[in-house]
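The residues making up each chain are set out below.
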Amino acid sequence: MRHPVVMGNWKLNGSKEMVSGLIKGLDAALNGVEGVDVAIAPPVMFLDLAQQLLSKADSKIILGAQNVDLHNSGAFTGDISPEMLKEFGASHIIIGHSERREYHHESDAFVAEKFAFLKENGLTPVLCIGESEAQNEAGETVAVCARQLDAVINTQGVEALNGAIIAYEPIWAIGTGKAATADDAQRIHAAIRAHIAAKSEDVAKNVVIQYGGSVKPENAAAYFAQPDIDGALVGGAALDAESFAAIAKAA
Ligand code: PEP
């Protein structure tokens, strides 16, 4: 049985005060919520504070991060390693987000290397895939997602997806308020799962596939009612404790 995962991607937002308030508010709002794993990915600067607050509250919220480097140490100015993320309690690491693919020119192959390095270090990759508006209009959505997934499958084997999370995020829906309809999202999720099933039915059955792109308390339940949508990766609405908790509760 797949277990839904709702993860908040805080992007480049926050201050010590904001992080404290948001974590305390979230932990309180999630009290008693069962049947869903809830994770947050604050900027790495705030992982220490987040870890302290979560541990003090004995919280079930899972800590994550938004990126990782391909090395554990060395002359790599500005980078953050899996070992460092682990030391601060981060286990679920977002890779291949469209903003990193676009602004940092991260290729499918580079993202796949990060995937492998996270697994090697015992961390959970949250692999973002998804098409641009132009690709969507050209009917290339499934082919783009398959290509991004194949960068992992063809180099590491389909079993590498075991225990990982896939986040299907149509780029045109991220931060735009223009969310995919639940039916359209389900159609793409089913196609992604079928693509994996062609290599291994077992892996396809068990892998968590989140939807991401303008998920809000008002539309979350419709996504989670779909058979192939296993939670959400949430940006904007994750910065408000009540909204994010409402999305998690809908899962
Ligand atoms: C995201 O950044 O991954 C995202 C889905 O953002 P938003 O929820 O704001 O569309």
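Everything quoted here is computed from the prediction, not taken from an experiment.

## So, the environment of Lys-216
Among the secondary structure elements, Lys-216 is positioned in the loop between strand E7 (208-212) and helix H10 (217-224). Distance in space between the C-alpha atoms of Lys-216 and Ala-238 is 8.9 Å, their sequence separation being 22 residues. The residues touching Lys-216, leaving out its near neighbours within four places in the chain, are Ala-237 and Ser-243.

## Regarding the UniProt feature "active site" (unreviewed entry) in the protein
Those places that UniProt annotates as "active site" (unreviewed entry) correspond, in this numbering, to His-97 and Glu-169. The largest pairwise C-alpha distance within this set of annotated residues, which runs over 73 residues, is 8.4 Å, so the set is compact in three dimensions. You can see His-97 is positioned in the loop between strand E4 (90-95) and helix H4 (98-103). Here His-97 is in contact with Gln-66 and Cys-128, once residues within four sequence places are set aside. Along the chain, the position of Glu-169 falls in the loop between strand E6 (165-168) and helix H8 (182-197). On the basis of neighbour counts, which here come to 26 C-beta atoms within 10 Å, the residue Glu-169 falls in the buried class. Filtering out sequence-adjacent residues up to four positions away, Glu-169 remains in contact with Ser-98, Cys-128, Gly-130, Ile-174, Gly-212, Gly-213 and Leu-233.

Rules and cut-offs
- Residues numbered from 1 in each chain as written.
- Predicted model: local features only at pLDDT ≥ 70, side-chain atom pairs only at ≥ 80, totals over all residues.
- Helix = DSSP H or I, 4+ residues; strand = E, 2+ residues; numbered from the N terminus.
- Contact = placed C-beta atoms within 7 Å.
- UniProt positions renumbered as here; feature names shortened; annotations may be inferred.
- Buried ≥ 20, exposed ≤ 12 C-beta atoms within 10 Å, placed from the backbone.

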